[in-house]
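Working through the structure, step by step
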Amino acid sequence: VEASIPEPQREAWKKFQAKGFTNKEEFEREVVRHVETTLARSMFNCDETAAYAAASLALRDRLITQWNRTQQRQTFADGKRVYYLSLEFLMGRALDNAMLNIGAKDIAKDGLADLGFRIEDIISQEHDAALGNGGLGRLAACFLDSMASLNIPAWGYGLRYRYGIFKQEIVDGYQVEVPDYWLDFNPWEFPRHDIVVDIQFYGNVRKYQNEQGKNVITWDGGEVVQAVAYDVPIPGYDTVSTNNMRLWSSKAASGEFDFQKFNSGDYESSVADQQRAETISAVLYPNDNLDRGKELRLKQQYFWVAASLYDIVRRFKKSKRAWVEFSDQVAIQLNDTHPTLAIVELQRILIDLEGLEWDEAWSIVTKTFGYTNHTVLPEALEKWSVPLFQNLLPRHLQIIYDINLYFLQTVERKFPKERELLGRVSIIEESQPKMIRMAYLAIVGSHKVNGVAELHSDLIKTTIFKDFVRIFGPDNFTNVTNGITPRRWLHQANPRLSELIASKTGGLDFLKDLNILNELEKFVDDKEFKKEWAEIKYANKVRLAKHIKTTTGVTVNPSALFDIQVKRIHEYKRQQMNIFGVIHRYLTIKAMTPEERKKLAPRVSIFGGKAAPGYWMAKTIIHLINQVGSVVNNDKDVGDLLKVIFLEDYNVSKAEIIVPASDISEHISTAGTEASGTSNMKFVLNGGLIIGTCDGANIEITREIGENNIFLFGNLAEDVEDLRHAHTYGAHNLDPDLAKVFDAIKANTFGDAGSFGALVSAIEDHGDYYLVSDDFHSYIQTQALVDEAYKDQDEWVSKTILSVSRMGFFSSDRCINEYAETIWNVEPLVPEPQERNG
Ligand code: GLS
């Protein structure tokens, strides 16, 4: 049915088109209107929650008109679009970001004040949208911000989990997980009950010849579930371009509610069907860098990928173009291997439903997809068992076998004498049961594969994907170093620093071209500037100290050196090494005379991060940190010299308070394990220094800011293998300082030593896979250098200014431009000037 309004009536539409507010009075009127009508409240019962709701709705109204026009503009332009497929989008809060991006924060601030509210209180009412685990999900969120800000026609596609990453509570020093039900009130999403896709699972495949004698393959699913679209507007910064993030929610297919059962009194089982369907999009799997291979996870993946492709293909078909033009119109980026099934699904659509020949279809598919790898950790590389696949997605399994067959045939032709190569690169691993190697499938089905930092991209080419570089040639493999959005991670999180930078660089343009930060370099010796710079850091530390006080009850001194490690808890990230270092510091202080203690630089060691619920070692690390905290923080000999804090429930909105308050942050993964890291970029951009290993993006940060401005330590990636080998086959000598730390733990200094036995014996008895002992000496020494450097505040401040001035490279705008030019081949679609005003 044609849904357009006929030409003669369009004038009436234009006259009454929604406009949103353009000044304070209009904003206030809209807020009051929403309080009184949409929320059915009045000024006599408008609390902060209601004010948050009304302010968001007022802002949202304005956003929606921009969003609609952006979509219209993109449809008329009929150019290429990017589709970013990610199982995780760690968005955090939307209100503050939306206000800043559309330039309405001052209006909102004044308007809310007139109505009796402080804007900070209103902003903090919002529940984080926590649809992700860590760096991978937050990267996707930064990318959406950059794509909108750069006017790139792009859609994010994901799942609308009813429960995001769990909320972490610390009870008696242990992590306890609490469900994060975040959808009570979410003004940022728009249910599209008219956009519903049937998704099928299980069932049978049939092959037959139709009347024209053509081979036909059909797949009749045994279970059908519906995907309903929920849209979230993504406003660009200082542009009216507003992109779309479409999240799919599962529900039972209509008719699934079994009235037969219902009428015969079996109400419960008819409801159970309903619930089974809704389970698909119910929860985010809480693992970072770990693949668990659960059937429901595979169902999530197919559900999301099939719905998204249906949508993309439908949009393409509206343009009535020939299929060969598909990849001129569509670029699909796979955020890790989680959406790899999209490759198979598109091939299925083209050959089974659209009747294309295999080769023709496959050439379209491979031109369309790009694959980003985010890890080399073996436990994170996705594999699915063939029997599981056979049952759930029988047709897709056949197609995967065919893809593999044709692929291995080309390998055989190219390298005829290398039998073993075929087994190594086969998409099917010949194990018991057989497994599908999703990364290999992603490589074979994409025209570009990229890593996320230089070292990481080199490593994938020389280790896990080495054979594929020979097969496809080096040009198919590339690097795009990660980035972060300066809008959220500087302007929003650190408004005073942003303002100071703006005052010296001629306005806020640096938020669009981060290289402008270069201009700060001339202030490294400017007394007045340095004073302001240091004051801002101090104020941010006071803000964090208050948060620490209210959440943990511990008083910390804002003048102490704040040493922060916040990220997912993982053995490879080595929070255990950090806490062992803290224990070493504690023992050193205890052994000092009062005179010696006076010379020490006071420190606050701050930790935060979630452990996957099933990751026992990570949970033990959290427990040890809390136990050390309770001993150290109550030791009169130590006082302000050392405090140990574990911040509960680390998430995006907490990061916005924590990151600007750091003096030094720790990025100390075993070399070669952290693909990139992105919080390292956030900390430096906010005027903090880094202690870190030569790993991930630390290396490029060093190259940009200079090695005098970073505290690097530890073994190099190229030596890791030999060291591990030596641990296994040679003598493993425990570092003497670490031995003392272990002695203290074993003496029950931090409670029952038995609780921490596994942490100690992983190093003492089980090969020290993450090289904690090998790096410990260098770590402790480098921490001593940090202490020394911090005493010279003048020099320290200069280092931080210099570092910030050289961080331009790490904007996610640079990163997205690289993707757009080298992988997607897509152009920005810049709005007309009149649209900007209207
Ligand atoms: C990750 C890596 O572990 C991080 O180093 C990286 O910064 C991030 C984004 O590329 O991706 N991979 C992963 O599985 N989780 C991550 O955070």
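In this text, all values refer to a predicted model and were calculated from it rather than measured experimentally.

Definitions and limits used
- Here the residue numbers are simple positions, counted from 1 along each chain's written sequence.
- In view of the model being predicted, local features appear only for residues whose pLDDT reaches at least 70, and side-chain atom pairs are presented and counted only at 80 or more, with totals across whole chains, interfaces and linings using the full set of residues.
- Side-chain measures were taken over the full set of non-hydrogen atoms in the model, leaving aside hydrogen atoms and water.
- Numbering goes from the N terminus for both helices and strands, where a helix is a DSSP run of H or I of at least four residues and a strand is a run of E of at least two.
- Two things to know: the radius of gyration comes from C-alpha atoms, and the globule rule equals 2.2 Å times the number of residues to the power 0.38.
- When a residue's accessible area, from a 1.4 Å probe over protein chains only, is under 20% of the maximum for its type it is buried; when over 50% it is exposed; and in between it is partly exposed.
- When checking whether two residues touch, look at their non-hydrogen atoms; a contact exists if any pair is within 4.5 Å.
- Throughout, disulfides are identified as pairs of cysteine sulfur atoms within 2.5 Å of each other.
- For the purposes of this description, domain bounds are those given by an automatic or database domain assignment.
- By buried area we mean how much accessible surface two parts lose on assembly, using a 1.4 Å probe and totalling the loss over both.
- Every case where a carboxyl oxygen of Asp or Glu lies within 4 Å of a side-chain nitrogen of Lys or Arg is listed as a salt bridge.
- Polar contact criterion, stated in full: a pair of N or O atoms within 3.5 Å, where within protein one must be able to donate a hydrogen and the other to accept it, and residues adjacent in sequence count only if both atoms are side-chain atoms.
- Any two strands with at least two DSSP-identified bridges between them are counted as paired.
- Whenever a helix is involved, its axis is fitted only over the stretch in contact; in every case the axis is a line through C-alpha atoms, and angles between N-to-C directions fall within 0 to 180 degrees.
- When we say a residue is near a molecule or strand, we mean one of its heavy atoms is within 4 Å of it.
- Residue burial considers only the protein chains on display, and all accessible areas are found by Shrake-Rupley using a 1.4 Å probe.
- The residue classification treats Ala, Val, Leu, Ile, Met, Phe, Trp, Tyr, Cys and Pro as nonpolar and Asp, Glu, Lys and Arg as charged. All others, Gly included, are polar.
- The rule is short: rings of Phe, Tyr and Trp, with Trp giving its six-membered ring, pair when the centres are within 6.5 Å, and they are stacked under 30 degrees, edge-to-face over 60, tilted in between.
- Either the NZ atom of lysine or the CZ atom of arginine qualifies as a charge over a ring when it sits within 6 Å of the ring centre and within 35 degrees of the ring normal.
- All tallies of charge rest on Lys and Arg as positive and Asp and Glu as negative; His and the ends of each chain are not included.
- Note on angle classes: values under 35 degrees are labelled roughly parallel, values over 145 roughly antiparallel, values of 65 to 115 roughly perpendicular, and the remainder oblique.
- Crossing handedness is read from the near helix: turned anticlockwise from the far helix by less than a right angle, it gives a left-handed crossing, and turned clockwise, a right-handed one.
- The arc in question is traced by the directions running from the helix axis to the C-beta atoms.
- Among buried residues, those of type Ala, Val, Leu, Ile, Met, Phe, Trp, Tyr and Cys that are joined through side-chain atoms within 4.5 Å constitute a nonpolar core.

**Quick notes on the overall build of the protein chain**
Of the regular secondary structure elements, the protein chain holds 35 helices and 24 strands. A compact globule built from 838 residues would reach a C-alpha radius of gyration of about 28 Å, and the protein chain, at 28 Å, matches this within 12%. The principal-axis extent of the C-alpha atoms belonging to the protein chain is close to 95 × 75 × 65 Å. The proportion of buried residues among the 838 residues of the protein chain is 59%. For the protein chain, restricting intrachain contacts to residue pairs at least 6 apart in sequence, the fraction spanning at least 24 positions comes to 77%.

**A word on the state of the cysteines**
Summed over all chains, the structure comprises zero disulfides. Unpaired in terms of disulfides, Cys142 finds its nearest cysteine sulfur in Cys815, a separation of 9.4 Å.

**Observations concerning the domain arrangement of the protein chain**
One can read the domain layout of the protein chain as domain 1 (78-93 + 128-481) and domain 2 (547-804). If you average the C-alpha positions of domain 1 and of domain 2, the two centres end up 36 Å apart. Note on domain 1 versus domain 2: buried area summed over both sides is about 2,800 Å², and carbon and sulfur give 54% of it. Three residues, Gln168, Gln175 and Leu455, lead the burial of domain 1 against domain 2; their summed loss comes to 19% of the area buried on that side. Along the contact surface separating domain 1 from domain 2 lie two salt bridges. A salt bridge links Arg703 to Glu454; its shortest N-O distance comes to 3.1 Å. Where domain 1 packs against domain 2, one counts 16 residue pairs in polar contact (both at pLDDT 80 or more). Looking at the side of domain 1 that touches domain 2, the elements that each hand over two or more residues are β2 (89-92), α7 (135-149), β5 (167-171), β6 (174-178) and α18 (454-462).

**A look at the sheet that holds strand β10 (residues 223-235)**
A sheet is described by the order of its strands in space; here nine strands give the open sequence β7-β10-β11-β4-β1-β12-β13-β17-β18, paired in mixed fashion. Either end of the sheet is taken by a strand with one partner, and the two such strands are β7 (190-201) and β18 (477-479). On average, adjacent strands in this sheet sit at an angle of 25° to one another, irrespective of strand direction. Of the pairings in the sheet, the one linking β7 to β10 comprises nine bridges and is antiparallel in character.

**What about unusual backbone geometry?**
Of the consecutive residues Gln432 and Pro433, the connecting peptide bond is found in the cis state with omega at -5°. Of note, Pro433 is situated in the loop between β15 (428-429) and β16 (435-437). The phi dihedral of Asp78 is positive, around 55°, even though this residue is not glycine. For Tyr202, which is not glycine, the phi torsion reads 60° and is therefore positive. Turning to its location among the elements, Tyr202 is positioned in the loop between β7 and β8 (204-209).

**Remarks on the site of the ligand**
The local shell around the ligand holds 13 residues, among which Asn289, His374, Asn482, Glu674 and Gly677 are the closest. Within the backbone of Ser676, an N or O atom sits 3.0 Å from an oxygen atom of the ligand. Within the backbone of Gly677, one N or O atom sits 2.9 Å away from an oxygen atom of the ligand. The protein chains hide 96% of the 370 Å² of surface that the ligand would expose on its own. In terms of residue class, the shell around the ligand is made up of five nonpolar, six polar and two charged. Here the shell around the ligand gathers at least three residues from each of two domains, domain 1 (78-93 + 128-481) and domain 2 (547-804).

**Structural notes on the packing of aromatic side chains**
Under the counting rule described, the total for this entry stands at 31 aromatic pairs. Between Tyr819 and Trp824, the aromatic rings sit 5.2 Å apart at their centres with planes inclined by 25°, giving stacked as the arrangement. In this pair, the class of Tyr819 matches that of Trp824, namely buried. A connected cluster of aromatic rings, assembled from ring pairs, spans Tyr83, Trp155, Tyr157 and Trp248. Note that Lys299 overlies the ring of Phe201, its terminal NZ or CZ placed 5.2 Å from the centroid.

**Quick look at the side chain of Arg138**
Within the fold, Arg138 resides in helix α7. Comment: no salt bridge for buried Arg138; closest opposite-charge side chain is Glu656, at 6.1 Å. Once residues lying within four places of it in the same chain are set aside, the contact partners of Arg138 are Leu90, Met91, Thr485, Arg488, Trp489, Val652 and Lys682.

**Overview of the packing of helix α2 (residues 24-38) against helix α3 (residues 48-77)**
At their nearest, the axes of α2 and α3 sit 8 Å apart, and the two run at 120° to each other. Accordingly, the angle class assigned to the pair α2 and α3 is oblique. Of the two elements, α2 crosses α3, and the hand of that crossing is right-handed. In this structure, α2 uses Phe27, Glu30, Val31, Arg33, His34, Val35 and Thr38 to contact α3, whose residues at the interface are Ala54, Ala55, Leu57, Ala58 and Asp61. Per-class residue counts for the contact of α2 with α3 are seven nonpolar, two polar and three charged.

**Here's the deal with helix α5 (residues 105-114)**
Where α5 is concerned, the buried positions are Ile107, Ala108, Gly111 and Leu112. Projection of α5 onto a plane perpendicular to its axis shows the buried side chains occupying an angular sector of 120°, all on one side. On its buried face, α5 sits against α2, α3, α4 (95-101) and α6 (119-123). At the C-terminal side of α5, Gly116 shows a positive phi close to 100°.

**Some remarks on the nonpolar core**
Formed by 177 residues in total, the largest nonpolar core has its most connected members in Met147, Phe201, Trp248, Trp533 and Trp824. Looking at which element gives the most residues to this core, the answer is helix α10 (residues 295-318), with 11 residues. Each of domain 1 (78-93 + 128-481) and domain 2 (547-804) gives at least three residues to this core. What Trp824 contacts, discounting residues up to four positions off in sequence, is Lys80, Val82, Tyr84, Met147, Ala331, Gln333, Ile816 and Tyr819. Within the second largest apolar cluster, 50 residues are counted, among which are Phe607, Met617, Phe750 and Val772.

**Notes on the pairing of strand β13 (residues 369-372)**
In β13, alternate side chains face the same way, and those of Phe369 and Tyr371 on one face and Gly370 and Thr372 on the other are all buried. As paired strands, strand β12 (residues 330-335) and β13 are joined by four bridges and run parallel to one another. Its bridge partner lying in β13, Leu334 is registered against Tyr371. When β13 meets strand β17 (residues 448-451), the two strands line up parallel, connected through three bridges. Across the sheet, Tyr371 pairs through a bridge with Val449, a residue of β17.

**Remarks on the packing of helix α23 (residues 575-590) against helix α25 (residues 616-632)**
Between α23 and α25, the shortest axis-to-axis distance is 10 Å and the interhelical angle comes to 20°. As far as their axial angle goes, α25 and α23 are roughly parallel. The two elements α23 and α25 cross, and the hand of that crossing is left-handed. Note on element contacts: α25 touches α23 through Ile621, Leu624, Ile625, Val628, Val631 and Val632, opposite Gln575, Gln576, Ile579, Phe580, Val582, Ile583 and Tyr586. Of the residues assigned to the contact of α23 with α25, the class counts are 11 nonpolar, two polar and no charged.

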